[in-house]
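Each chain, letter by letter, is given below.
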Amino acid sequence: MLYAINCEEMPGALEKRLANRPAHVARLKQLQADGRLILAGPHPLIDADDPGPAGFSGSLIIAEFASREAAIAWASEDPYCTAGVFTSVSVKPFKRVF
């Protein structure tokens, strides 16, 4: 089943985000290689693809997991989570219609 992983970012966490980005992206690339990643990306704090020093308010990942528990476990091991970039992470089943 698909799950939406919605992450809210700690204000002022841009340096932590940038320092942990390579490891975060590597995990997403593995999901993609496994054919399980639907989409992933950050929420810029301003109306721009590259918000520069304004940073981001969080991220959204939609991917396939065997269960909600598996999605929660995967998300909890993300480098952004372990480094304290995110203040909260929610995991919800997602039904793809289009």
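Nothing here was measured: the structure is a model prediction, and the numbers come from that model.

K.L.:
Quick question: what am I supposed to make of empty space enclosed by the protein here?
P.N.:
Over the atoms, a rolling probe the size of a water molecule traces out where space has been left empty. On inspection of all chains with the given rule, the structure shows one cavity of 30 Å³ or more. The space that makes up the largest cavity amounts to roughly 40 Å³. If you go around the largest cavity, the residues you meet are Ile5, Cys7, His24, Ile61, Trp74, Ala75, Asp78, Cys81 and Phe86. Looking at the lining of the largest cavity residue by residue, the class counts come to seven nonpolar, one polar and one charged.

K.L.:
Honestly, the sheet that holds strand S3 (residues 56-64) in this entry has me stumped. Any pointers?
P.N.:
The strands making up a sheet associate through backbone hydrogen bonding, with each pair oriented either parallel or antiparallel. Taken in spatial order, the four strands make up an open sheet running S2-S3-S1-S4, and their pairing is antiparallel. Unpaired on one side and paired on the other, strand S2 (37-44) and strand S4 (86-94) mark the two borders of the sheet. Shown here is a sheet whose adjacent strand axes are inclined to one another by a mean of 10°, direction ignored. Inspection of the sheet shows strand S1 (residues 2-9) paired to S3 by seven bridges, in the antiparallel sense. Residue pairing in the sheet places Cys7 in a bridge with Ser59 of S3.

Conventions we followed
Here the residue numbering is sequential within each chain, running from 1 through the sequence in written order. Thresholds applied to this predicted model are a pLDDT of at least 70 for local features of residues and 80 or more for the giving and counting of side-chain atom pairs; totals over whole chains, interfaces and linings are not thresholded and use all residues. Hydrogens and waters are ignored; side-chain quantities use all the structure's heavy atoms. A cavity here means a set of points on a 1 Å grid, drawn over the protein atoms and nothing else, where a 1.4 Å probe fits but cannot get out; a pocket is an open set with protein on both sides within 12 Å along at least five of seven lines, and a residue lines either one if it has an atom within 4 Å of a point. Grid points are joined across faces, edges and corners, and a volume is the space filled by probe spheres set on the points. Amino acids outside the nonpolar list (Ala, Val, Leu, Ile, Met, Phe, Trp, Tyr, Cys, Pro) and the charged list (Asp, Glu, Lys, Arg) are all regarded as polar, and Gly is one of them. For two strands to be treated as a pair, DSSP must find at least two bridges joining them. In DSSP terms, a helix is any run of H or I states spanning at least four residues, a strand is any run of E spanning at least two, and both are numbered starting from the N terminus. In this analysis, axes come from line fits to C-alpha atoms, helices being fitted only over the stretch in contact, and the angle between any two N-to-C directions falls in the range 0 to 180 degrees.

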